[in-house]
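Breakdown of the fold
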Amino acid sequence: MKKNIPNIITLLNLASGIVAIILALHDYLYAAAIMVIVASLFDFCDGLVARLLHVNTVIGKELDSLSDVVSFGVAPAIMMYQLYLQSHDFIPNNYGINIPALICPILFACFAAYRLAKFNLDTLQKENFRGLPTPAAAFVLISFPFFHINDYPIIIYTITILLLSFLMVSHIPLFSLKFKNLKPKDNIFRYILIFISVLLLGCLQLKAIPFIILIYILLSIIELYLNKTLKRTSE
């Protein structure tokens, strides 16, 4: 029974993603965004519980990736499709379809799925990430409804999706958010990220998400640069 607890939590992640999709299809984008955030909490907890219970199963790993495709790939993609439809730049063709409105969200979901499959096979991502994690990319997209940017050009949505898709499958090294210990010297950049994130969330609420992701990327690049500098100095 113990080994099934993480899998049950993972299924709650999947269920939250499905609810987010249903809400997005009915144009309740704020509620859909909240459900994606709820899914991310379950996604965090399943791994935490698995480590605490010393449970590590092959089916759990696969189930986690499949759930993430739905919650952080498909759900944000459908939300973006709805935002495309609401934009004043939306110009349907004879079939009532706008190509960027259809292609770009599909592209994001496909890249998210590829990223998750790649992560499962990449032995270099056990300690840190290579490329932007799928939940982080999803968080950027689900924050759009809170900016009330329906009057902004469709190009903003398109560029953001293309950039996030590239970042997910890139080889940019990003530090993991998991703490092996609580020592400041081993987690200085994690503590900085948490501190800045709390400040931004307090000031901007969910509008802070894209800025937090950007700061996360910048801090990872700074950490990489400092580590390389220290390595060259020691040599």
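Our subject is the structure listed above.
Rules behind the numbers
Residues numbered from 1 in each chain as written. Predicted model: local features only at pLDDT ≥ 70, side-chain atom pairs only at ≥ 80, totals over all residues. Heavy atoms only, no water. Helix = DSSP H or I, 4+ residues; strand = E, 2+ residues; numbered from the N terminus. Buried < 20%, exposed > 50% of the residue type's maximum accessible area, 1.4 Å probe, protein only. Areas by Shrake-Rupley, 256 points an atom, 1.4 Å probe, with all protein chains shown as cover. Contact = heavy atoms within 4.5 Å. Phe/Tyr/Trp six-rings, centres within 6.5 Å; stacked < 30°, edge-to-face > 60°. Axes fitted to C-alpha atoms, helices over the stretch in contact; angles between N-to-C directions. Parallel < 35°, antiparallel > 145°, perpendicular 65-115°, else oblique. Left-handed = near helix turned anticlockwise from the far one by under 90°. Nonpolar A, V, L, I, M, F, W, Y, C, P; charged D, E, K, R; others polar.

**Comments concerning the overall build of the protein chain**
Scanning the protein chain for helices and strands turns up eight helices and two strands. Each helix (α) and strand (β) of the protein chain, taken in turn from the N terminus, gives the series α-α-α-α-β-α-α-β-α-α. Taking all 235 residues of the protein chain together, 42% fall into the buried category. Element-wise, carbon and sulfur atoms account for 73% of the exposed surface of the protein chain, whose accessible area totals about 13200 Å².

**A closer look at the environment of F147**
Relative to the elements of secondary structure, F147 occurs in the loop between helix 5 (134–142) and helix 6 (154–169). With 60 residues separating them along the chain, F147 and K207 place their C-alpha atoms 6.6 Å apart. In this view, F147 contacts K207, P210 and F211; residues no more than four positions away in its chain are not counted.

**Comments concerning the packing of aromatic side chains**
For the structure shown, the criterion picks out five aromatic pairs. Taken together, a centroid distance of 5.4 Å and an interplanar angle of 65° make the contact between Y30 and F146 edge-to-face. With Y30 in helix 2 (residues 29–52) and F146 in the loop between helix 5 and helix 6, the pair connects residues that are 116 residues apart, well separated along the chain. Among the residues examined, Y30 registers a relative accessible area of 40% and is labelled partly exposed. On the accessibility criterion, F146 (16% relative accessible area) is buried. Taken together, the aromatic side chains of Y84, F144 and Y157 make up a single cluster linked through ring pairs.

**Let's talk about the packing of helix 3 (residues 58–86) against helix 6**
Direction vectors running N to C along helix 3 and helix 6 enclose 160°, while the axes themselves pass 9 Å from each other. The orientation of helix 3 with respect to helix 6, classified from their angle, is roughly antiparallel. Taken as a pair, helix 3 and helix 6 cross one another with a handedness that is left-handed. The residues of helix 6 that touch helix 3, namely those facing M80, L83 and Y84, are I154, Y157, T158 and I161. For the contact of helix 3 with helix 6, the residue count by class is six nonpolar, one polar and no charged.

**Digging into the environment of C45**
Topologically, C45 is positioned in helix 2. For C45, a relative accessible area of 30% gives the class partly exposed. Each C-alpha atom of the pair C45 and T10 lies 8.4 Å from the other, and the pair is 35 residues apart in sequence.

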